[in-house]
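# Breakdown of the fold
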Amino acid sequence: MRTLLVILGAAIGAPARFAIDQYIRKFTDKPYGIFVVNVVGSFVFGLTINSAQNTYALFAIGFAGAFTTWSTFMLDFFLAYELKKYKEAAINLGASIVFGLLATSLGMSLA
């Protein structure tokens, strides 16, 4: 049963990430879409950390696991670095860590 919940969550999370990122990229070439989904996903992880196993499987492992993306975040960071946009790369890295931790903490506090 939990495997099906993970699959269902992932089937919703991955397209949601793609849609949000594509929408935001219409307005900027900066990686704000990936930033937003990673912070929201961190919040979902925190919010569901103490949930029942099935709820955690659906929302944290399935949805947030497919919704967030470490690989795209790293690619955006690497490309900014390669293009010698060091300030942009540092802001993306720092803001992602700080806001991701804050979102996780807020979610855990609300749970």
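What this report covers is the structure whose coordinates are included nearby. (Residues numbered from 1 in each chain as written. Predicted model: local features only at pLDDT ≥ 70, side-chain atom pairs only at ≥ 80, totals over all residues. Heavy atoms only, no water.)

### Overview of the overall build of the protein chain
Looking only at helices and strands, the protein chain has 5 helices and 0 strands in total. Scanning the protein chain from its N terminus toward the C terminus, one meets helices and strands in the order α-α-α-α-α. Here the C-alpha atoms of the protein chain give a radius of gyration of 15 Å, agreeing with the 13 Å that 2.2 N^0.38 yields for 111 residues. The buried share of the protein chain, taken over its 111 residues, is 33%. Accessible area of the protein chain: about 6900 Å², with a carbon and sulfur share of 71%. One way to put it: in the protein chain the 8 positive side-chain charges average out to a point 4 Å from where the 5 negative ones average out. (Helix = DSSP H or I, 4+ residues; strand = E, 2+ residues; numbered from the N terminus. Rg over C-alpha atoms; globule rule 2.2 N^0.38 Å. Buried < 20%, exposed > 50% of the residue type's maximum accessible area, 1.4 Å probe, protein only. Areas by Shrake-Rupley, 256 points an atom, 1.4 Å probe, with all protein chains shown as cover. Lys, Arg positive; Asp, Glu negative; His and termini not counted. Charge placed at Lys NZ, Arg CZ, Asp CG, Glu CD.)

### Description of the packing of aromatic side chains
The final tally for this structure, using the stated rule, is 5 aromatic pairs. Aromatic side chains Y23 and F27 sit 5.1 Å apart centroid to centroid with 70° between the ring planes, which places their arrangement in the edge-to-face category. (Phe/Tyr/Trp six-rings, centres within 6.5 Å; stacked < 30°, edge-to-face > 60°.)

### Digging into helix α5 (residues 86–110)
The end-to-end C-alpha separation of α5 is 36 Å, in line with the 36 Å expected for 25 residues at 1.5 Å each. Listing the buried residues of α5 in full gives A89, N92, A95, S96, G100, A103 and G107. Packing partners of the buried residues in α5 comprise α2 (32–48) and α4 (70–82). (Expected span 1.5 Å × (residues − 1). Contact = heavy atoms within 4.5 Å.)

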